[in-house]
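Listed here are the chains, written in short residue letters.
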Amino acid sequence: MPVIVNEKSRLFIIETDNSEYQLMADEYGVLRHLWYGEKVGMSMEYLCEYPDVGFSGNIYEAGNRRNYSLDTLPLEYSCAGIGDYRISAVSAVHSNGSCALDLRYTGYKITDGKYSIEGLPAVYADSSEAQTLEIYLKDTASDITVTLKYGVLPKLDIITRSAVIENKGESSVFLTNAASLCLDLPRGYDEWIHFHGRHTMERIAERLPLAHGIQESSSCRGTSSHQQNPSIILCNKECTETNGNCIGAMLMYSGSFSAKVEYDQLDQTRLVMGINPELFRWELKSGEKFCTPEAVVSFSANGFERLSHNFHKTIREHICRGKYKLAERPVLINNWEATYFDFDEKKILKIAAQAAQLGVDLLVLDDGWFGKRNDDCSGLGDWFVNTDKLHGGLGTLAEKIKALGMKFGLWFEPEMVSEDSELYRAHPEWAIHIPDRKPNRSRFQLLLDMTRADVRQYLYEMISSILKSADISYIKWDMNRSICDWYSACLESGKMGEMPHRYVLGLYELLERLTHDFPDVLFEGCSGGGGRFDAGMLYYCPQIWCSDDTDAVERTTIQYGTSFFYPISAVGSHVSAVPNHQTGRVTPLETRAVTAMAGSFGYELDLNTLSESEKQQVKNQILRFKKDGQLIHNGLYYRLSNPITDKLAAWEFVSNDGKEALVNGVVFHTEPNHTRYRIKLRGLMPEANYRLAESGESYTGRALMNGGLLLPKTWGDYAPIELHFTAET
Ligand code: DGJ
């Protein structure tokens, strides 16, 4: 049983295979955090320090115990307004205007299985795989209660956190902060890694020392954003890929989020993660409850590699759903970088015919097939086919593509509307705007008010009628702007602070309906590349277009950062033309393929423009991906270098039985008179002999892991690394 309770001392121990988490309700009913780390086998209360720190006050019941302070003790869910001056997890404004909550323990419940959260994505697991602990808290002065939920997946070393806040009183209360996770750590966690970036350069891993005070990774853009990702790692200075303590936390949420880390006056570390409190004000009327999104945490005593494996497996097996969750993904060709808006049926069929000949499984028709959409100034919202471009409509095109032996997929951007569209002319009130202000335009487009049921119904009907009108196997769900001008005619003025979260709930509701009603369709998420690359979206879409930057060299950095939390199968990645459309860089076709194969693989160029020998190369690449796809998506992934600081990018896939390994990467520059690069493999069976397919040489696993392998000499820049090892029996 992963959850163990000592009723007498009100101690709760959550055990996973390789970690232990402890909390305790103390003599005042304050819920204290005792431990999260390696297994310890006893209560860690003995480590609690009670320093008498000036200006850190004491709860009333503590009398003149000047060393009992909420401001210094590690707490499980910190409240605002009652003397813990560090960042708080929850705050509420009561009917008398006061803003304080003092939550004390009232009880607990343990159930087998994993809780779910109404209207929100959550990790799922059956009763043989998980247990749920609920801790009940109540405010000392009001009838606000909080249920802290812990989902435990012991085999994966995963603990999930979510809170339900309920108003059992008579008058309304306004929540101004409702975090999913509060995690107080002892001294020693003094560094953090966050994933920052911008459009076409997402999730760049940045490791920094924790400075005293507060540091934050967040988004207030209405989406999880290109700029910061809802995932962070806390670690100590010594932590490496394979050694040292680290904790990963990931929010399963696709809207504005905040992950704040406070390194306090006593060098203790507190992480608070959840919906961004900026622009959040939620009215809880009498009898209502608010459920926070879910945070997923994992501890590793063996460095980042183990942490990533835990998150990869959890996302693949307990977050992604549907037919494609673990299935082989189709190799696709997308016409975006091949044609942009300039296409017609003939052009698309020519691209498709060539792709089919080379072994591609699916053609994705990107932006521009609908309404009046010849550039990005118009047409969004008019989800009916543009017969000027596609004379026979989608049905005929899909049939012709099918006749080539391929499946057909389609791009949508459902949440948007162009002012120059039939939809906008019919329903200007559906576009998000503040009545007396001009709305902010981004890519010339406005957002539809996803909090409105009529908007969601319209989108459901339009998308489902398109899906029924033709044989469509795939949808790319794009979203190309950040959100502001928060106002909805359907919300009372006092509830406008609910809109950002209600937008996300509306999006999830629509996605749930469509994915449920069209279970055979593969949904790929997208937001100008990876602007909404989060575990919330992965609950509906098992893969997400990773970045609008398709340059193989830049992608090594983007995919490196992405890999800390997200599995390879989730990473949409394509081979595109050279010179690359984002950077002008020319890289070898093989390098582009090797990089794109570290993902859900495809092509995004007109293959007709390639030479015959390049076409043969593409054919071989597709065959290789079909052969190695299971190893790449189901195997264990290892980062062998850091492309930001090293002269090469290298990564490795090892099959679950350890018998096969594939090392891929890119050597950025060839230097003259240079010794050869050496990389050390990981995850092999030490005693086994591995044959390297490319040279026929054999090596022991131990040699490859301890001594490593000298890479072949390269010629020219951006050379691909391709090494296949198979254990000899
Ligand atoms: C942004 C996406 O990331 C691209 O792949 C493409 O679909 C464009 N939008 C189309 O407008």
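Residues numbered from 1 in each chain as written. Predicted model: local features only at pLDDT ≥ 70, side-chain atom pairs only at ≥ 80, totals over all residues. Heavy atoms only, no water.

1. A few points about the site of the ligand
Here's step 1: The environment of the ligand is made up of 13 residues, and the closest members are Asp 366, Asp 367, Lys 476, Asp 478 and Asp 548.
Here's step 2: With respect to the ligand, the side chain of Asp 367 contributes an N or O atom lying 2.6 Å from an oxygen atom.
Here's step 3: Relative to its unbound accessible surface of 300 Å², the ligand loses 98% to contact with the protein.
Here's step 4: Residue composition of the shell around the ligand, by class: 4 nonpolar, 3 polar and 6 charged. (Near = heavy atom within 4 Å. Polar contact = N/O pair within 3.5 Å; in protein donor to acceptor, adjacent residues only side chain to side chain. Areas by Shrake-Rupley, 256 points an atom, 1.4 Å probe, with all protein chains shown as cover. Nonpolar A, V, L, I, M, F, W, Y, C, P; charged D, E, K, R; others polar.)

2. Side note on a nonpolar patch on the surface
Here's step 1: A cluster of nonpolar side chains, Met 42, Tyr 46 and Leu 47, forms an exposed patch at the surface whose accessible area comes to about 340 Å².
Here's step 2: With respect to the secondary-structure elements, Tyr 46 resides in the loop between β4 (31-37) and β5 (90-93). (Patch = residues over 30% accessible without salt bridge, like charges linked within 9 Å, V, L, I, M, F, W, Y side chains within 5 Å. Salt bridge = Lys/Arg side-chain N within 4 Å of Asp/Glu carboxyl O. Helix = DSSP H or I, 4+ residues; strand = E, 2+ residues; numbered from the N terminus.)

3. So, unusual backbone geometry
Here's step 1: Look at the link from Val 578 to Pro 579: it is a cis peptide, with omega at -10°.
Here's step 2: Tracing the sequence through the fold places Pro 579 in the loop between β29 (571-576) and α10 (589-596).
Here's step 3: One non-glycine residue, Asp 267, lies in positive phi territory at about 65°.
Here's step 4: Within the element layout of this structure, Asp 267 appears in the loop between β16 (257-263) and β17 (269-275).
Here's step 5: Although it is not a glycine, Arg 443 adopts a positive phi angle of roughly 50°.
Here's step 6: Within the secondary structure, Arg 443 is located in the loop between α5 (422-426) and β25 (445-447).
Here's step 7: Residue Arg 443 is classed as partly exposed on the basis of its relative accessible area of 27%. (Buried < 20%, exposed > 50% of the residue type's maximum accessible area, 1.4 Å probe, protein only.)

4. Focus: the sheet that holds strand β32 (residues 648-654)
Here's step 1: A sheet is described by the order of its strands in space; here 6 strands give the open sequence β31-β32-β33-β38-β35-β36, paired in antiparallel fashion. In this open sheet, the two edge strands, each paired with only one partner strand, are β31 (636-639) and β36 (698-700). Adjacent strand axes in the sheet meet at a mean angle of 25°, parallel and antiparallel pairs treated alike.
Here's step 2: Bridge count for strand β33 (residues 660-667) against strand β38 (residues 719-727) is 8 bridges, and the pairing is antiparallel. When the bridges of β38 are listed, Gly 665 appears paired with Ile 721.
Here's step 3: Lying on the sheet, α10 is in contact with β32, β33 and β38; it crosses β38 at an angle near 55°. (Pairing = 2+ DSSP bridges. Axes fitted to C-alpha atoms, helices over the stretch in contact; angles between N-to-C directions. Contact = heavy atoms within 4.5 Å.)

5. Quick look at the domain arrangement of the chain
Here's step 1: Looking at the chain, the domain boundaries give domain 1 (3-318), domain 2 (332-629) and domain 3 (648-727).
Here's step 2: For domain 1 versus domain 3, the separation of C-alpha centres amounts to 40 Å. (Domains from an automatic or database assignment.)

6. Things to note about the pattern of salt bridges
Here's step 1: On inspection of all chains with the given rule, the structure shows 49 salt bridges.
Here's step 2: Among the salt bridges present, the one from Arg 270 reaches Asp 184, with a minimum N-O distance of 2.6 Å. Taken together, the positions of Arg 270 in strand β17 and Asp 184 in strand β10 (residues 173-185) put the pair 86 residues apart, joining distant regions of the chain. The residues Arg 270 and Asp 184 share a single accessibility class, namely buried.
Here's step 3: In this structure, the salt-bridge partner of Arg 425 is Asp 420, at a minimum N-O distance of 3.1 Å.
Here's step 4: By relative accessible area, which is 28% here, Asp 420 ends up partly exposed.

7. Overview of the pairing of β10
Here's step 1: Burial analysis of β10 places 12 of its 13 residues in the buried class, the great majority of the element.
Here's step 2: Relative to strand β18 (residues 282-284), β10 runs antiparallel, the two sharing 3 bridges. Looking across to β18, one finds that Leu 175 is bridged to Trp 282.
Here's step 3: Pairing of β10 with β17, which is carried by 6 bridges, proceeds in the antiparallel orientation. Along β17, the bridge assignment pairs Asp 184 with Arg 270.

8. Observations concerning helix α11 (residues 612-634)
An α-helical turn contains 3.6 residues, so any two residues separated by three or four positions project in the same direction.
Here's step 1: Look at α11: 33 Å from first C-alpha to last across 23 residues, which is about the 33 Å you get at 1.5 Å a residue.
Here's step 2: Bending of α11 peaks at approximately 55° at the position of Asp 628.
Here's step 3: Listing the buried residues of α11 in full gives Lys 615, Val 618, Gln 621, Ile 622, Phe 625, Asp 628, Gly 629, Leu 631, Ile 632 and His 633. (Expected span 1.5 Å × (residues − 1). Bend = angle between axes of the 7 residues up to and from the residue.)

9. Things to note about the side chain of Asn 664
Here's step 1: Position of Asn 664 relative to the elements: it lies in strand β33.
Here's step 2: Here Asn 664 falls in the buried class, since its relative accessible area comes to 4%.
Here's step 3: For Asn 664, the side chain forms a polar contact with the main-chain oxygen of Ile 721, separated by 3.0 Å.
Here's step 4: The contacts of Asn 664, once residues within four sequence positions are left out, are Val 594, Ala 649, Ala 650, Trp 651, Phe 653, Ile 721 and Glu 722.

10. Observations concerning the environment of Arg 441
Here's step 1: Tracing the chain through its elements places Arg 441 in the loop between α5 and β25.
Here's step 2: With a relative accessible area of 54%, Arg 441 lands in the exposed category.
Here's step 3: Arg 441 sits 131 residues away from Asn 310 along the chain, and the two C-alpha atoms are 40 Å apart.
Here's step 4: Once you skip the residues sitting within four places of it in the chain, Arg 441 turns out to touch Glu 419, Leu 446 and Arg 481.
Here's step 5: A distance of 2.7 Å separates polar atoms of two side chains, one belonging to Arg 441 and the other to Glu 419.

11. What to know about the side chain of His 226
Here's step 1: In this fold, His 226 is placed in the loop between β13 (213-218) and β14 (231-235).
Here's step 2: His 226 gets classed as buried once you look at its relative accessible area, which sits at 14%.
Here's step 3: Looking at His 226, its side chain comes within polar contact range of the main-chain oxygen of Ser 527, at 3.1 Å.
Here's step 4: Among the polar contacts made by the side chain of His 226, one reaches the main-chain amide nitrogen of Gly 531 at a distance of 3.5 Å.
Here's step 5: Excluding residues within four positions of it along the chain, His 226 makes contact with His 196, Gly 197, Arg 198, His 199, Glu 202, Arg 203, Ser 527, Gly 528, Gly 530 and Gly 531.

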